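Secondary and tertiary structure notes
Chain by chain, the residues:
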Amino acid sequence: MIGRAVMDLGLRDTVALIVGGASGIGWASAQAFAAEGAKVVIADLNGETAADRAASLPQAWSRRVDVTSEDDIQALFAAVIEREGRLDSVVSCAGIGHLGAIRDIELADWQNVIDICLTGSFLVMKHAARVMTGGGSIVNIASLNARQTAAGYGVYSAAKRGLTALAEVAALELAADGVRVNTISPGLIDTPLTNTLRAIPGVQEEFTDNTPLRRNGRPEDIAATALFLCSSMADWTTGDTLDVNGGGHLQRYPNVMAAAAALTPEEFEKLQSL
Ligand code: NAI
């Protein structure tokens with residue numbers, strides 16, 4: 001867990017909203033903000049886990065939201081302002097993966113990934129912008145796949161690259177309000193999202209070979225970057241995308257599709273829930 005603060009990041013008694021905060025990168029971020037003395041709101045589709053997570057932190061509460069529902073997101077931001085009177089940091093983490101060749105992607109799967117990863121992030125930024133008129137920081141989580149494409153990543157890359165562009169526009173539009181908008185593009189992180197991916201024979205080895213720092217990321221690696229971006233240390237940073245991936249963006253993305261081709265159709269089917 002992050003939190004052995006070596007310097008004051010200026011986040012004590014600020015309010016941080018972590019969307020998609022019940023698991024993985026979002027949960028690590030929630031813990032990191034809490035360790036800095038921030039009040040934390042965990043919003044997630046998985047309301048039960050979000051509530052359990054919040055109960056384990058000081059000064060935290062949770063709310064079930066579906067980021068594809070504008071009503072949910074609008075009500076979430078209204079609740080934060082009503083309860084806390086302010087909102088300083090937003091980490092927008094909700095996301096799902098998808099692996100499949102363009103010729104095979106079902107429209108419903110395409111739509112689902114776009115809805116959650118791109119439209120959901122849009123809705124979070126839109127409603128954050130409406131309430132954070134006194135300044136603050138918004139951090140979006142994109143992906144290494146936003147800049148580094150690979151066969152099988154059609155919809156995921158499209159959604160994540162779209163998100164980085166949208167975040168740049170938001171940075172321009174919200175600067176006058178003192179709101180900074182940045183994006184983190186993580187490489188492979190050990191979270192439930194990538195359990196299946198990492199289980200495909202050969203894939204983990206290829207990721208390690210293509211990562212100069214030769215290890216997967218930990219959720220805490222991304223949480224630390226989110227903390228930095230929301231702290232006063234990043235006061236002059238906006239509209240940026242930080243590649244946090246052990247140097248993986250300098251090399252090539254593993255050929256996950258080739259590795260998956262060695263699997264049976266039944267095994268491949270499981271990949272759809274990556
Ligand atoms: P995770 O699966 O551990 O956590 C994602 C969270 O988002 C879950 O708690 C889930 O309930 C929530 N969520 C999903 N759909 C939602 C919806 N419609 N409304 C509200 N919440 C929803 O995944 P992880 O790895 O922590 O991913 C977080 C973000 O980081 C995602 O956007 C993902 O695309 C991105 N990312 C992850 C990488 C990895 O290797 N794990 C690499 C690059 C990017």
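Look up: the structure comes first, before these words.
These figures come from a predicted structure and were not determined experimentally.

Cut-offs applied
- Residues numbered from 1 in each chain as written.
- Predicted model: local features only at pLDDT ≥ 70, side-chain atom pairs only at ≥ 80, totals over all residues.
- Heavy atoms only, no water.
- Helix = DSSP H or I, 4+ residues; strand = E, 2+ residues; numbered from the N terminus.
- Polar contact = N/O pair within 3.5 Å; in protein donor to acceptor, adjacent residues only side chain to side chain.
- Near = heavy atom within 4 Å.
- Areas by Shrake-Rupley, 256 points an atom, 1.4 Å probe, with all protein chains shown as cover.
- Nonpolar A, V, L, I, M, F, W, Y, C, P; charged D, E, K, R; others polar.
- Contact = heavy atoms within 4.5 Å.
- Phe/Tyr/Trp six-rings, centres within 6.5 Å; stacked < 30°, edge-to-face > 60°.
- Buried < 20%, exposed > 50% of the residue type's maximum accessible area, 1.4 Å probe, protein only.
- Expected span 1.5 Å × (residues − 1).
- Pairing = 2+ DSSP bridges.
- Right-handed = clockwise from strand over helix to strand, strands pointing away.

With respect to the secondary-structure elements, asparagine 195 resides in helix α6 (residues 195-199). At 2.8 Å, the side chain of asparagine 195 and the side chain of arginine 198 are in polar contact.

Bringing the site of the ligand into the picture now. Ser23, Ile25, Asp44, Tyr156 and Thr191 are the nearest of the 27 residues found near the ligand. Within the contact set of the ligand, an oxygen atom lies 2.7 Å away from a side-chain nitrogen or oxygen of tyrosine 156. Contact with the protein chains covers 92% of the free accessible surface of the ligand, which is 820 Å². Elements supplying a minimum of two residues to the shell around the ligand: α1 (24-35) and α5 (154-174). A class-by-class count of the residues in the shell around the ligand yields 16 nonpolar, eight polar and three charged.

If you trace the backbone, leucine 11 turns up in the segment before β1 (15-19). Each C-alpha atom, one on leucine 11 and one on serine 89, is 9.0 Å from the other, the two residues being 78 residues apart in sequence. The contacts of leucine 11, once residues within four sequence positions are left out, are Phe33, Glu36, Gly37, Ala38, Ser89, Leu227, Cys230 and Ser231.

It is worth spelling out the packing of aromatic side chains at this point. Inspection of every chain in the model, using the stated rule, returns three aromatic pairs. Ring geometry for tyrosine 153 versus tyrosine 253: centroids 5.2 Å apart, planes at 75°, classification edge-to-face. Taken together, the residues span a long stretch of sequence, with tyrosine 153 in the loop between β5 (136-141) and α5 and tyrosine 253 in the loop between β7 (241-244) and α9 (256-261) at a distance of 100 residues. We classify tyrosine 253 as buried; its relative accessible area is 10%. Their ring planes at 90° and their centres at 5.3 Å tell us that phenylalanine 207 and tyrosine 253 sit as a pair that is edge-to-face.

With 21 residues, α5 should reach 30 Å at 1.5 Å per residue; the first-to-last C-alpha distance of 30 Å fits that figure. Buried within α5 are the following residues: Val155, Tyr156, Ser157, Ala159, Lys160, Leu163, Thr164, Ala167, Ala170, Ala171 and Leu174. Where α5 is buried, its residues touch α4 (107-131), β5, β6 (179-186) and β7.

Another aspect to go through is the pairing of strand β4 (residues 89-92). Here β4 shows a buried face lined by Ser89 and Val91 and a second buried face lined by Val90 and Ser92. As paired strands, β1 and β4 are joined by four bridges and run parallel to one another. Residue pairing across strands places isoleucine 18 opposite valine 91, the latter belonging to β4. In this structure, β4 lies alongside β5, joined through four bridges in parallel fashion. Paired with valine 90 across the strands is isoleucine 138, a residue of β5. With respect to chirality, the unit in which β4 leads through α4 into the neighbouring parallel β5 is right-handed.

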